[in-house]
Amino acid sequence: MHSMEVYSLKQAKTINKLRVLNTIRFEPGVTRNMISEKTGLDPSTVTKLVNEMKRKRMIYEKGILPSKLGRHSKRLYVNRDFSKAIVVDLGVTHSIVGISFFDGTVEVVDEFDTPDTPEECFRVLTEKVSRFPGVFPLIVIGVPGSVDKTHKKLAFAPNLNRWRDIDVEKYFKVFEVYLENDANLAALAEMMRNKHFGDRKNIVYILVREGIGGGIIIEGKLYKGSFNAAGEIGHMKMYDRGPCFCGRVGCWEANTSIFHCVRQYEKKKPLPGNTMYEKFETLCRIYEEDPLAKEVLDEFTGILIDGIVNLVNILSPEIVIVGGEGVFLPEGVFEVIVSETRRQVHPMDKEVSVEKGSLSNKEVVLEGTSILSSMMISERLVQNEGDFP
């Protein structure tokens, strides 16, 4: 028997206000009538909530939507500068620091090579964060690994020299810390920034980086599993070759990450580029004219297809999004991935779409951290409205 959730009037108002605010945030220029249609809320309720948020300068009106039937409707936008917060894409080899704005947008403010130890990494990060006073006391960090259920501790990050059980919040004296897996954040970013993807209910997002991460969307919601570790698709054992940083042999990512590709190429000759990402992007650019690049990427493609087919057969998604460095794959290579996936999957899954992500590797995780940060801050502000003017 299912339990029925019962909300107080205050809780219901908070939920409705957040629904209205997030509709404006992710569909800027929306009108009151459009919000009512999208949320199912009564127009008078929408108007009341909109007016309250306007008075607090959380949102504002700008421009009109002309109507042939009567009064024109005013367009609504979230006030970008209502709050600011620090967000971080903590990468295996390179990390990015951004300022997240209240409308969910983000600006890169610093970058650094990721140190080898957690102590040095978070010493560098706290020093960089201290340069930005006046931000909201919340820092959202995307990490290449699994996090515990409190989202304060990095449980295991095999590609970060096997970091394990790292209490990240202890390094930040004045910030609440919230950790999230980088592939989950990338999936969130694609869902919220690209309506073509956001309208799908069942999605597998594949983050191709130094490892392979996964964000799984089931019935429109991010699936994390019973232990907050769903989506570790790079650690599917698929072969009897390839030692993995997790300690096993034969993991998918040990055979098909950008790290593996670059290493295979550089066994014979060097690749130009200062970072692993730049080297992989070079590999993709020279695919047509460099026989070795073609050989390495063709092998990569075959192994990537094997994993995608497995995921489709297990989860039966509407769409598989290949993101991260996967967006740089040559079009001819990606066409093979699409056609071979459809040829090899179970007959019931032949209609699955396989598409490149719409956001670049550098922006996708940071976009996800900013979206999550703006939503978390909104929830705190709406729940504690007496704490701000």
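Small disclaimer: the values here were computed from a predicted structure and weren't measured. (Residues numbered from 1 in each chain as written. Predicted model: local features only at pLDDT ≥ 70, side-chain atom pairs only at ≥ 80, totals over all residues. Heavy atoms only, no water.)

Participant: Could you clarify how one ought to interpret the overall build of the protein chain in this entry?
Facilitator: For the protein chain, the count of helices and strands is 12 helices and 15 strands. Dimensions of the protein chain along its principal axes, counting C-alpha atoms only, are 65 × 50 × 50 Å. Counting across all 389 residues of the protein chain, residues that qualify as buried make up 54%. Considering only contacts within the protein chain whose residues lie at least 6 apart along the sequence, 61% involve residues at least 24 apart. Side-chain charges of the protein chain comprise 52 positive and 54 negative groups, with the mean position of each set lying 6 Å from the other. (Helix = DSSP H or I, 4+ residues; strand = E, 2+ residues; numbered from the N terminus. Buried < 20%, exposed > 50% of the residue type's maximum accessible area, 1.4 Å probe, protein only. Contact = heavy atoms within 4.5 Å. Lys, Arg positive; Asp, Glu negative; His and termini not counted. Charge placed at Lys NZ, Arg CZ, Asp CG, Glu CD.)

Participant: How should I be thinking about a nonpolar patch on the surface in this particular structure?
Facilitator: Together, I218, Y223, I314 and L315 give the surface a local cluster of nonpolar side chains, amounting to about 370 Å² of exposed area. Mapped onto the elements of the fold, I314 is located in helix α10 (residues 291–315). In this structure I314 comes out as exposed when scored by relative accessible area, which is 62%. (Patch = residues over 30% accessible without salt bridge, like charges linked within 9 Å, V, L, I, M, F, W, Y side chains within 5 Å. Areas by Shrake-Rupley, 256 points an atom, 1.4 Å probe, with all protein chains shown as cover. Salt bridge = Lys/Arg side-chain N within 4 Å of Asp/Glu carboxyl O.)

Participant: Please explain the environment of E190 as it appears in this structure.
Facilitator: Within the secondary structure, E190 sits in helix α5 (residues 182–193). Every residue in contact with E190, bar those within four places of it in the chain, is listed here: F197, Y205, I321, G357, S358, L359 and V364.

Participant: Honestly, unusual backbone geometry in this entry has me stumped. Any pointers?
Facilitator: Excluding glycine, most residues fall at negative phi; most peptide bonds, likewise, are trans. Not every positive phi belongs to a glycine, and R57 is a case in point at roughly 65 degrees. By the element assignment, R57 lies in the loop between α3 (43–55) and β1 (59–65). At E219, a residue that is not glycine, the phi angle is positive and equals roughly 50 degrees. A relative accessible area of 54% places E219 in the exposed class.

Participant: Just checking my understanding: could you explain the environment of G211 for this structure?
Facilitator: With respect to the helices and strands, G211 occurs in the loop between β11 (203–208) and β12 (212–218). On the basis of relative accessible area, G211 is assigned to the buried category, the value being 10%. Each C-alpha atom of the pair G211 and N159 lies 7.1 Å from the other, and the pair is 52 residues apart in sequence. If we skip the residues at most four places from it in the chain, G211 touches N159, E253 and S257.

Participant: What am I meant to see in the pattern of salt bridges here?
Facilitator: Pairing of side chains with opposite charge becomes possible as their charged atoms draw close. Taken as a whole and assessed by the stated rule, the structure comprises 25 salt bridges. With its nearest N and O atoms 3.1 Å apart, the salt bridge here joins E52 to K13. With a gap of 39 residues between them, E52 in helix α3 and K13 in helix α1 (residues 9–26) connect regions that are remote in the sequence. Of the residues examined, K13 reaches a relative accessible area of 35% and is grouped as partly exposed. Connected through shared salt-bridge partners, R32, K54, E61 and K74 make up one network.

Participant: Would you explain the sheet that holds strand β13 (residues 221–222) in this entry?
Facilitator: Strand pairing in a sheet relies on backbone hydrogen bonds, with the paired strands running either antiparallel or parallel. An order of β13-β12-β11-β14-β15 is seen for the 5 strands of this open sheet, with the pairing classed as mixed. Both edges of this open sheet fall to β13 and β15 (353–356), since each of them pairs with a single strand only. With 2 bridges connecting them, β12 and β13 associate as antiparallel partners. Opposite I217, over in β13, you have L222 as the bridge partner. Against the sheet, helix α11 (residues 331–344) makes contact with β14 (319–324) and β15, and its axis sits at roughly 160 degrees relative to β15, the strand it touches most. (Pairing = 2+ DSSP bridges. Axes fitted to C-alpha atoms, helices over the stretch in contact; angles between N-to-C directions.)

Participant: How do you make sense of the packing of aromatic side chains when you look at a structure like this?
Facilitator: Remark: the centre distance and the inter-plane angle together describe each pair of aromatic rings, the angle taken between the planes. Inspection of the entire model under this criterion finds 7 aromatic pairs. Measuring from ring centre to ring centre gives 5.7 Å for Y60 and Y77, while their planes differ by 20 degrees; the resulting arrangement is stacked. With Y60 in strand β1 and Y77 in strand β2 (residues 73–78), this residue pair connects regions lying 17 residues apart in the sequence. Taking the relative accessible area as the measure of exposure, Y77 reaches 23% and is therefore partly exposed. Taken together, a centroid distance of 5.9 Å and an interplanar angle of 55 degrees make the contact between F280 and F300 tilted. (Phe/Tyr/Trp six-rings, centres within 6.5 Å; stacked < 30°, edge-to-face > 60°.)

Participant: Is there a simple way to explain helix α9 (residues 276–285) in this structure?
Facilitator: Three- or four-residue spacings in an α-helix give side chains the same orientation, since the helix completes a turn every 3.6 residues. With respect to burial, α9 is a largely interior element, 8 of its 10 residues being buried. All of the buried residues along α9 are M276, Y277, K279, F280, E281, T282, L283 and C284.

Participant: Is there a simple way to think about the sheet that holds strand β10 (residues 176–181) in this case?
Facilitator: Taken together, the 5 strands give an open sheet; going across it, the order is β5-β4-β3-β6-β10, and neighbouring strands pair in mixed fashion. Of all the strands in the sheet, the pair left with one neighbour each is β5 (106–113) and β10. Across the sheet, the axes of successive neighbouring strands diverge by a mean angle of 20 degrees, strand direction being ignored. Where strand β3 (residues 84–89) meets strand β4 (residues 94–101), 6 bridges bridge the pair, whose relative direction is antiparallel. By the bridge assignment, V88 is partnered in β4 with V97. Its contacts with the sheet put helix α4 (residues 118–129) on β3, β4, β5 and β6 (138–143), and the angle it makes with β5 is roughly 145 degrees. Where α5 meets the sheet, its contacts fall on β6 and β10, and the angle it forms with β10 comes to roughly 85 degrees.

Participant: Teacher, can you tell me more about the nonpolar core here?
Facilitator: Most often, soluble globular proteins keep nonpolar side chains buried together rather than apart. In terms of nonpolar packing, the biggest core is built from 47 residues, with V20, I24, I59 and V364 touching the most fellow members. Considering every element that reaches this core, the biggest residue donor is helix α12 (residues 361–383), with 9 residues. Grouped together as the second largest cluster of nonpolar side chains are 42 residues, W252, A293, L297 and F300 included. (Core = buried A, V, L, I, M, F, W, Y, C linked by side-chain atoms within 4.5 Å.)

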